[in-house]
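# Structural overview for review
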Amino acid sequence: VDKNRILFQRNGVEAKSILDEPKRLGTKLERLVFVGRNDKVKGFDLLLDSFKKVRTHQAIELSVIGPFDQNQLETVQGVRYHGEIRDHQELMNLIGEHDCLISTSYSEGLPLAILEAMSQGLAVIGTDVGATASLIDGNGILIPNPTINEVSKSMETALNWTTNELDTFKLK
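Attention in this report is confined to the structure presented alongside it. (Residues numbered from 1 in each chain as written. Predicted model: local features only at pLDDT ≥ 70, side-chain atom pairs only at ≥ 80, totals over all residues. Heavy atoms only, no water.)

Counting buried positions along helix α3 (residues 112–119) gives 6 out of 8 residues, so the element sits mostly inside the fold. In this structure, the buried side of α3 is in contact with β1 (31–35), α2 (88–96), β4 (100–103), β5 (123–127) and α4 (132–135). Looking one or two places after α3, you find G121, whose phi comes out positive at around 80°. (Buried < 20%, exposed > 50% of the residue type's maximum accessible area, 1.4 Å probe, protein only. Helix = DSSP H or I, 4+ residues; strand = E, 2+ residues; numbered from the N terminus. Contact = heavy atoms within 4.5 Å.)

As structure tokens, then:
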């Protein structure tokens with residue numbers, strides 16, 4: 001391909017969407033959010049299996065935002081399905097009510113969901129795929145190997161963050 005025909009386009013969020021300060025400072029990690037679709041590449045099954053493993057001995061909530069077929073969803077204690085949210089402000093408001101975004105993708109480019117979560121002051125847990133490593137730098141946990149054990153171990157680590165540690169991740 002002729003290099004003159006290649007356009008480099010960065011993902012981003014509108015400046016007006018970036019909060020000056022996270023909404024939930026001074027709390028322990030209680031609320032995770034996943035934004036994506038129910039597609040194998042997004043690792044939703046991995047997330048759900050990891051969450052169930054951690055939920056057996058930790059009080060934590062997981063919100064799932066995305067176009068999921070309600071008839072195919074597994075009922076799991078602590079998981080709330082919100083469906084697809086097309087209104088951008090409503091989406092940002094809901095994301096901002098959480099402490100940490102979790103992305104369990106097996107493949108990504110530059111995940112917009114992570115950028116949106118960061119704009120709302122959330123810490124991030126994400127698998128080391130695509131450009132995710134360039135986004136998770138002092139603001140969360142990068143998972144090198146997307147397995148149930150690694151994802152659940154990362155959740156456990158995040159649940160054990162002190163309030164000050166979590167606030168530091170949120171403010172990065």
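Aromatic ring pairs are described here by two measures, namely the spacing of the ring centres and the angle between the planes. Throughout the structure, instances matching the rule amount to 6 aromatic pairs. One aromatic cluster is present, formed by F34, F44, F68 and Y81 through successive ring pairs. (Phe/Tyr/Trp six-rings, centres within 6.5 Å; stacked < 30°, edge-to-face > 60°.)

Turning to the nonpolar core, a few remarks are in order. Soluble globular proteins tend to pack their nonpolar side chains together in the buried interior. Within the largest apolar cluster, 30 residues are counted, with the highest numbers of intra-cluster contacts made by L29 and L62. I65, I95, A117 and L122 belong to the second-largest nonpolar core, a separate cluster that totals 16 residues. (Core = buried A, V, L, I, M, F, W, Y, C linked by side-chain atoms within 4.5 Å.)

Under the defined criterion, the tally for this structure stands at 7 salt bridges. Between K52 and D49 there is a salt bridge, with its nearest N and O atoms 3.6 Å apart. In this pair, K52 and D49 are both assigned in helix α1 (residues 44–55), 3 residues apart and thus about one turn of the helix distant. K52 sits in the partly exposed class, given a relative accessible area of 28%. We classify D49 as partly exposed; its relative accessible area is 35%. Ionic pairing is found between D99 and K170, a salt bridge with its closest N-O pair at 3.0 Å. Linking D99 in the loop between α2 and β4 with K170 in helix α6 (residues 163–171), this pair joins segments that are 71 residues apart in sequence. (Salt bridge = Lys/Arg side-chain N within 4 Å of Asp/Glu carboxyl O.)

Along the chain, the position of S63 falls in strand β2 (residues 61–65). A polar contact is formed between the side chain of S63 and the side chain of H82, at a distance of 3.2 Å. Not counting residues up to four positions away in its chain, the partners in contact with S63 are L32, V33, F34, R80, H82 and H98. (Polar contact = N/O pair within 3.5 Å; in protein donor to acceptor, adjacent residues only side chain to side chain.)

Looking now at the environment of D128. Tracing the chain through its elements places D128 in the loop between β5 and α4. Residues within four places of D128 in sequence aside, it is in contact with A133, L142, I143 and P144.

Here we come to the side chain of S152. Tracing the backbone shows S152 in helix α5 (residues 148–159). Using a relative accessible area of 4% as the deciding quantity, one classes S152 as buried. Of note is the side chain of S152, whose polar atom sits 3.2 Å from the backbone oxygen of N149. Once residues lying within four places of it in the same chain are set aside, the contact partners of S152 are S50, K53 and V54.

A few words on the sheet that holds strand β6 (residues 140–143). Taken together, the 6 strands give an open sheet; going across it, the order is β3-β2-β1-β4-β5-β6, and neighbouring strands pair in parallel fashion. The sheet terminates laterally at β3 (79–83) and β6, the two strands that pair on one side only. Taking the axes of each pair of neighbouring strands and ignoring which way they run, one obtains an average angle of 20° across the sheet. For β1 and β2, the ladder comprises 5 bridges, and the chain directions are parallel. In the sheet register, V35 faces β2, and the bridge partner there is I65. (Pairing = 2+ DSSP bridges. Axes fitted to C-alpha atoms, helices over the stretch in contact; angles between N-to-C directions.)

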